[in-house]
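Each chain, letter by letter, is given below.
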Amino acid sequence: MARPAARLNAGAPAPDDAARTVPASADARKEIRNWYAHLMSERRMSEATLVNYHRDITRFFEFLVDHLGGPADLDALAKLETRDFRAFVSRRRKDGLQSRSLARMLSSVRSLFRYLDRTHVLSNAAATALRSPKLPHALPKPLTVSGASEMLEEANLAQGEPWKGARDLAVLTLLYGCGLRVSEALALDRSEAPLKEILRITGKGNKERIVPVLPAAREAVDVYLKLCPYGLAKDDPLFVGGRGKRLGQRQVRGAMTNLRRRLGLPETATPHALRHSFATHLLAGGGDLRAIQELLGHASLSTTQMYTEVDSARLLEVYDKAKGRSRKT
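Calculation notes
- Residues numbered from 1 in each chain as written.
- Predicted model: local features only at pLDDT ≥ 70, side-chain atom pairs only at ≥ 80, totals over all residues.
- Heavy atoms only, no water.
- Axes fitted to C-alpha atoms, helices over the stretch in contact; angles between N-to-C directions.
- Helix = DSSP H or I, 4+ residues; strand = E, 2+ residues; numbered from the N terminus.
- Parallel < 35°, antiparallel > 145°, perpendicular 65-115°, else oblique.
- Left-handed = near helix turned anticlockwise from the far one by under 90°.
- Contact = heavy atoms within 4.5 Å.
- Nonpolar A, V, L, I, M, F, W, Y, C, P; charged D, E, K, R; others polar.
- 1 Å grid on protein atoms, 1.4 Å probe; cavity = no way out; pocket = protein on both sides within 12 Å on 5 of 7 lines; lining within 4 Å.
- Points joined across faces, edges and corners; volume = space filled by probe spheres on them.
- Buried < 20%, exposed > 50% of the residue type's maximum accessible area, 1.4 Å probe, protein only.
- Pairing = 2+ DSSP bridges.
- Phe/Tyr/Trp six-rings, centres within 6.5 Å; stacked < 30°, edge-to-face > 60°.

(A) Local environment of the packing of helix H9 (residues 162-178) against helix H11 (residues 215-227). Contact geometry for H9 and H11: axes closest at 8 Å, N-to-C directions at 155°. Here H11 runs roughly antiparallel to H9, going by the angle between their axes. The two elements H9 and H11 meet at a crossing, and its hand is left-handed. Across the interface between the two elements, Pro162, Trp163, Ala166, Arg167, Ala170, Thr173 and Leu174 from H9 touch Ala216, Ala217, Ala220, Val221, Val223, Tyr224 and Leu227 from H11. Partitioning the contact of H9 with H11 into residue classes produces twelve nonpolar, one polar and one charged.

In structure tokens:
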């Protein structure tokens, strides 16, 4: 079974260390420590998410030091009003924070206050009513079928060490052929290979799902392992870099950037775009939306439904181009 993707993200502090670095009073730091431990052990959030939550809360309490004239205690947190939270939002906007990052930061703050309310530490109606800024409705930007095929073919022909080209092809084939996230593909261990017809993937929130594996993906992994210069044991990572350590997402993004430039593809052709392509092309081929939701590991069907908008947008684009050609003739 693949290891949880969270293991790929290092750097999340332990609860005691996390609380110690937040500029708050002793009683507030104690509850911040409990909240953070709750996220880590009970919510089982990924390390990357924990790092973000810790950073966001630290920024919030840094603001309160200036705003209140000293470190906030629990009594001060309970007395915060809507105008105080608005002042925080205004400060972060002046610091250059964009709407998406600001929305995530406010989500972290709400999470802390919800925990404090649920554990009967304190209640703050203004924090509960805190609203995130509206985000632009951005549709996924998948590759075309031909664009995805060209990218995989080019990865196989990439210059340099043949085993690295085979490795990149295997990773990208799993993204496009199985709809995996990059972190999920890189979390696979050597014991998974040779790949079977299905994979058990542990994704976001430690939720497990089963995905079918295409013969092309199984073959790509087999070719990579034959060329790989490292003798990988069963508990070693499946995909490794030049030093034999687990391959990182940055290296995959770099490989994708090189492929994109060689093929003249847009900057939206990222590793995650291959996952979008998997869903969009499957839907265009008559795939069931609920089945695609399960394959992608989406918690909500509404998240998967955005691919229906992508499909409709493409149809309109083709229609408009066809109209343009008919006018010229």
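(B) View of empty space enclosed by the protein. Summed over all chains, the structure comprises one cavity of 30 Å³ or more. In this structure, the largest cavity spans a volume of roughly 30 Å³. Along its surface, the largest cavity is lined by Asp168, Val171, Leu172, Val252 and Ala255. Elements that contribute at least two residues to the lining of the largest cavity include exactly H9 and helix H12 (249-263). Looking at which element gives the most residues to the lining of the largest cavity, the answer is H9, with three residues. Its residues assigned to classes, the lining of the largest cavity comprises four nonpolar, no polar and one charged.

(C) How the structure looks around the pairing of strand S2 (residues 208-212). Only one face of S2 is covered, namely the one carrying Arg209 and Val211; the face carrying Glu208, Ile210 and Pro212 has none of its residues buried. Hairpin geometry of strand S1 (residues 198-202) and S2 is characterised by an intervening segment of five residues between the two adjacent antiparallel strands and by a positive phi of about 70° at glycine 205.

(D) Seen up close, the environment of serine 99. Take serine 99: it is sitting in helix H6 (residues 99-118). A C-alpha to C-alpha distance of 8.4 Å links serine 99 and serine 132, two positions 33 residues apart in sequence.

(E) Quick peek at the packing of aromatic side chains. According to the stated counting rule, one finds nine aromatic pairs in the structure shown. With a centroid separation of 6.0 Å and 0° between ring planes, the pair formed by phenylalanine 60 and phenylalanine 85 is classed as stacked. Note that phenylalanine 60 is positioned in helix H3 (residues 47-68) and phenylalanine 85 in helix H5 (residues 82-94), a separation of 25 residues in sequence. Of the two residues, phenylalanine 60 and phenylalanine 85, neither departs from the other in class, the shared state being buried.

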